[in-house]
Amino acid sequence: MFTGTIWLGIGVNTLMLASMYIMAALGFAFIFNMLGAINLAHGNIYMIGAFIAYAICYYTGLPNWLSILIAALITAAFGLLLERFAIRPFKDDFSRIVMVGVALMFIFQTSATLFTGTKTLSIPLLAEGTVRIGALGISNQKIIMFVIAVVILAIVLFITNKTKLGREMKAVSQDRLGAALQGIPINRVAAIVCAIGCGIATIAGGLMGSYQSLSSGMGDTITLRILMLVMMAGAGSMNGIIVTGLIMGFLDAFFPVLLSGSLATTVTLFVVIVILLIRPKGFFGHEM
Amino acid sequence: MKLRKVFAVLLAAVMVFAIAMTASAEEKTLKVGVAVNATGWFADFDANNWEELVIYADMLNEEGGLHVGDDTYKIELVQADGQSDFAGMPTACMDLIDKEVDFVIETNDFWMVDGNQLLKEADILTLSCYPDFATGFWTDADGNVNDCLLSCANGAANDIVALLTELGEMYPDAHTVMYVCNADGTEGVKYEYVKKVCEEMGYELLEQYEVYDSSAPDMTAIAQKVAAADPDAYIGQGVISCIGQLIAALQDYDPDCICLASCGQSVEVLASIIGDSTKCNKIISTGIGFDKEKNTELMNTIYDKLMDKFGPETANSWAGNFVNCMKVYKEIVEEIGTIDKDAIIDYWKNAETLSTVYSDEAHLGGKESFGLDFNRMIVNPTPISTLDGGVGTFLGWYQFDVQ
């Protein structure tokens, strides 16, 4: 059953899924690493951002790529408000921040459902057609999605590793009090990274929304992946997100080929749980 | 004085006569319960059906309602939302029972297995819009045939026969077929039915069949497995968004594989979900097309009203399942002159044909229709469309020979 073509297909899907998962997870990871806050609404920002992109594309006639970009700017601005009013006031109160996240989840999902009714919607493809490598065809859409994701991740890696903002982010994630004593404006840094995270999640959502159909449930699906990805990477590890993203992408590309739908998801979750049991701090993290 | 008395008597007589006429033609209300998934994942199918039914009910009421014997009935629709939840639908049915509906139009069978038991116990007539092989659907809790349940379509069974027939005509060299369906608890039963039909029609159905989760975001893995099995054609049945993604994904692996799509909506909707016109190839679908010359007048009328009220997306998602149930009910009660449940059931059991939304003369199938032990159901014609090179074509209606 696992011919060369199948393995090649799994490889292509791994890269594509991994790139989308990583993009979606970055914002969540930023806030989690820096503030220890779990923003459960983040996955639904990915979803609602995709719907905003669809709405812009459909009602204004703007090109799909521009619609996704504008939607990313809108959700980035929302990210500033989110950090100020939903994360900052509760960042040392785990229960409340979880409740706020859950409430926002429902608000976003209900909004999406009310907007779409029950219609199956999708953002127009970025590119039609297929490139063939032997017996395998690779959609131009997948190629473009992957390239966009690589460019964005490269920019993010540059920011986190080579810029002052990145150094501030690392300092806060390692020792928030110490960073504050050193004069790092924690709230401003948190707001900026939350905005960046929301914007990138929207780009991921918009790209997936053009590859598949939009649904109000896509936020829940990605939230689960984000949580697993970040936990496996470990606290404080931004670069680790890339490695665990690839692991998640592979699990989601490989097991559905081996097993039937629901069983594949269950096995994937089981594998992640086993990994976390073996390495509770994740692969690359430190104690929080 | 005498003349005045005569006029007074005449006037009184006229008034009494008028009152008597009004009383005998008293307008009544027919409460039509509708067990529907208005929200949740199955709302993709049901919500359109509901909107169509609302339009049809309004049309009937504007024409004066149902004229049943000496009475006229205004139609009042009572919606109960199952929320695409198997536990929610029996609750919705209880709600309809509490609201004392006169009969129920219900969604696909696999939602209604438990709900129908409740409706049967409450002695409420139920019209099923689309039977789909659900186990235990046709019988009551004691294993007896549920006589309160009538099926206004023969559902998924139709689609398979129609698709394979068209496959034989368009692609006579195709021989092997693979089955792909959504996970709804009836996969095994559906596979066995498809296998029987394939055997009768001379196709080889592969032992391997694939079941997808309707909430699955990516059908690539299913596509890979279909490509690895290498059938000439595959039947994709269930949720249109998943079928569309499967078609798009499979084109990357096996562009020559023919898709037989049983997903209940037009090829225009299917093409929009696939998204890439270069991947809309070799698709035969049971999707309805909107060629007015090929459709019944009622279909065309409701389609136009959907277009006016909601626009092309909703209009092109026309299904007609609930409207069909209402139409069948109307035809029967206006024919027999009563809304008495037992009289309706008795008429149904003895009728040879009925006028439905899909056909002016649809036949009622015997108990052994299609080799399955179904209760009597209406064998409606099935729409067939093709999608090739990104171009959708509505071929028309496939009419069955009823045994």
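Given the structure is predicted, the values throughout are model-derived calculations rather than measurements. (Residues numbered from 1 in each chain as written. Chains lettered and ligands numbered in written order. Predicted model: local features only at pLDDT ≥ 70, side-chain atom pairs only at ≥ 80, totals over all residues. Heavy atoms only, no water.)

### A look at helix α3 (residues 64-87) of chain A
All names here are of chain A.
- Along α3, the sharpest change in direction is near 30° and occurs at L81.
- Buried within α3 we find N64, S67, I68, A71, A72, T75, A76, G79, L82, E83, A86 and I87.
- Structurally, α3 contributes buried residues whose contacts are with α1 (4-35), α2 (42-60), α4 (94-116) and α8 (186-211). (Bend = angle between axes of the 7 residues up to and from the residue. Helix = DSSP H or I, 4+ residues; strand = E, 2+ residues; numbered from the N terminus. Buried < 20%, exposed > 50% of the residue type's maximum accessible area, 1.4 Å probe, protein only. Contact = heavy atoms within 4.5 Å.)

### As for the packing of aromatic side chains
- Applying the stated criterion across every chain, the model contains 17 aromatic pairs over all chains.
- Where B:F110 meets B:W111, the ring centres are 5.4 Å apart and the plane angle is 40°; that geometry is what we call tilted. Across the pair, B:W111 and B:F110 agree in class, each one buried.
- With 6.2 Å between their ring centres and 85° between their planes, B:F394 and B:W397 make a pair best called edge-to-face.
- Of the residues examined, B:W397 reaches a relative accessible area of 22% and is grouped as partly exposed.
- Among the aromatic side chains, those forming a connected cluster through ring pairs are A:W7, A:F250, A:F254 and A:F255.
- Across from the ring centre of A:F85, 5.3 Å away, lies the NZ or CZ of A:R84, which sits over that ring. (Phe/Tyr/Trp six-rings, centres within 6.5 Å; stacked < 30°, edge-to-face > 60°. Lys NZ or Arg CZ within 6 Å of the ring centre and 35° of its normal.)

### Describing the state of the cysteines
- The tally for this structure, following the rule as stated, stands at 0 disulfides over all chains.
- Cysteine A:C57 is unpaired, with the sulfur of B:C280 as its nearest cysteine sulfur at 18 Å.
- Left unpaired, B:C181 is separated from the closest cysteine sulfur, that of B:C242, by 12 Å.
- Judged by its relative accessible area of 0%, B:C181 is buried. (Disulfide = S-S within 2.5 Å.)

### A word on the domain arrangement of chain B
Residue and element names in this part refer to chain B.
- When cut into domains, chain B gives domain 1 (27-151 + 321-356) and domain 2 (156-291 + 385-398).
- Just the C-alpha atoms count here: the centres of domain 1 and domain 2 sit 30 Å apart.
- With 10 residues of domain 1 at the interface, the matching set in domain 2 holds 14 residues.
- Carbon and sulfur atoms make up 62% of the area that domain 1 and domain 2 hide from each other, which totals about 1000 Å².
- If you sort the residues of domain 1 by the area they bury against domain 2, W41, F45 and F133 come out on top, with a joint share of 53%.
- Our count for the contact surface shared by domain 1 and domain 2 stands at 0 salt bridges.
- Classifying every residue of the side of domain 1 that touches domain 2 gives 7 nonpolar, 1 polar and 2 charged. (Domains from an automatic or database assignment. Buried area = accessible area lost by both parts, 1.4 Å probe. Salt bridge = Lys/Arg side-chain N within 4 Å of Asp/Glu carboxyl O. Nonpolar A, V, L, I, M, F, W, Y, C, P; charged D, E, K, R; others polar.)

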